[in-house]
Amino acid sequence: MENTIVKTLIFDKHVRLLFVDNTKLINEILSLNKITNKILKLILGKTLSVVSLISGTLKGDQRISLQMIMSDPKYKVFADADAQGNVRGYLNGELLKAPFDFITNVSLDHLIGHKGTIRVIKGSAMNQFTGITDMPYRNIVDDISHYFNQSDQTQTYIGANIGFGNDGRLLFSNAVFAQLLPGAPLGLIDEVKHVFNTNQELFINLRNFIGNNIEEKLSEVFTDVNVIGYSSVQFFCGCSKEMLYGMLHSLNKNDLEQAISNKELIETVCQICGRTYTFGQSEIQGLLK
Ligand SMILES: [Zn+2]
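- Under the annotation held in an unreviewed UniProt entry, the protein carries the name Hsp33 protein and is attributed to Neobacillus massiliamazoniensis.

Printed below as a string of structure tokens:
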């Protein structure tokens, strides 16, 4: 089953482990964003994969909102998720419009650079926490792990596998999130990491076992596996015509007046989901008042 988070306790309840196969979700968002460049697909795919899995650690009205800023601060990535597994994310306009020669040749490591930062806002409306960390690993996934190790003061490991075919098509995407529970031996985190890195095939196929022998399958690589629950992840933008109407204010008055005199409609596209909203004459007129 795709887009399902499996929540487990492993190693005699010493480690909380979450797993998700989010191939379908990542594919949907990459298609909506019409991204064709491989490095951009990789950046958004990895970020969304991790953020979607973190939704499984949230409760009630909690949400996580992550902003990644590259060494060149005009390049940014956004992703957020809530406890219901609603996930969205996008690359900012500068990154989407980055010069072709640069973006087709740059490596992820180089693009993030030595001054990349991650800013995370986590919590509920009443109780929010903002944290900022650097990106010493320059590969997104280990950098987000690094953030959790610092902010939660708990040994955390996040792993994500994402694979693209030669034609640029997304082949698979999955991720694990592991956190030590109080009193657990420290070495167990390294063991989870080792298992995830050396059994890629098993984790790619794991989706076929969800709801059907998942405990047995995970027991091939971990001991004392207990599945404690499932949750889903799905793309959800939450934009509305009203929100986009607000953005029309940024158009200059001449453009608006011209649209009126030419009896034109104005179309705006949501940057996150690609949905198009059309505004008619009376709505444009409303902006000129
Ligand atoms: Zn939208």
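1. Considering the pattern of salt bridges
Then step 1. Scanning the model with the defined rule gives nine salt bridges in all.
Then step 2. Taking the shortest distance from any N to any O, the salt bridge between Asp109 and Arg138 comes out at 3.5 Å. Note that Asp109 is positioned in helix α5 (residues 108–112) and Arg138 in the loop between β7 (127–134) and α6 (141–151), a separation of 29 residues in sequence.
Then step 3. Given a relative accessible area of 25%, Arg138 falls into the partly exposed group.
Then step 4. The partner of Glu220 in a salt bridge is Lys217, and the shortest N-O contact between them spans 3.3 Å.
Then step 5. Residue classification places Lys217 among the buried residues on the basis of a relative accessible area of 18%.

2. A short note on the packing of helix α1 (residues 23–32) against helix α2 (residues 38–54)
Then step 1. Across the interface, α1 lies against α2 with an axial gap of 10 Å and an inter-helix angle of 135 degrees. Here α1 lies oblique to α2, going by the angle between them. Judged by the twist between their axes, the crossing of α1 over α2 is right-handed. Contacts between α1 and α2 pair Leu25, Ile26, Ile29 and Leu30 from the former with Lys41, Leu44, Gly45, Leu48, Ser49 and Ser52 from the latter.
Then step 2. Of the residues that constitute the contact of α1 with α2, the class distribution is six nonpolar, three polar and one charged.

3. So, the sheet that holds strand β2 (residues 15–21)
Then step 1. Taken in spatial order, the five strands of this open sheet run β8-β9-β2-β1-β10, and their pairing is antiparallel. Looking at strand neighbours, the two that pair on one side only are β8 (156–164) and β10 (226–232), the edges of this open sheet. On average, each strand axis in the sheet is tilted by 15 degrees relative to the strand beside it, whichever way the strands run.
Then step 2. One ladder, built from seven bridges, connects strand β1 (residues 4–10) with β2; its direction is antiparallel. What sits directly across from Val6, in β2, is Phe19.
Then step 3. This element, α2, spans β1, β2, β8 and β9 (170–180) of the sheet and lies at about 140 degrees to β8.

Quick notes on the rules
- Residues numbered from 1 in each chain as written.
- Predicted model: local features only at pLDDT ≥ 70, side-chain atom pairs only at ≥ 80, totals over all residues.
- Heavy atoms only, no water.
- Salt bridge = Lys/Arg side-chain N within 4 Å of Asp/Glu carboxyl O.
- Helix = DSSP H or I, 4+ residues; strand = E, 2+ residues; numbered from the N terminus.
- Buried < 20%, exposed > 50% of the residue type's maximum accessible area, 1.4 Å probe, protein only.
- Axes fitted to C-alpha atoms, helices over the stretch in contact; angles between N-to-C directions.
- Parallel < 35°, antiparallel > 145°, perpendicular 65-115°, else oblique.
- Left-handed = near helix turned anticlockwise from the far one by under 90°.
- Contact = heavy atoms within 4.5 Å.
- Nonpolar A, V, L, I, M, F, W, Y, C, P; charged D, E, K, R; others polar.
- Pairing = 2+ DSSP bridges.

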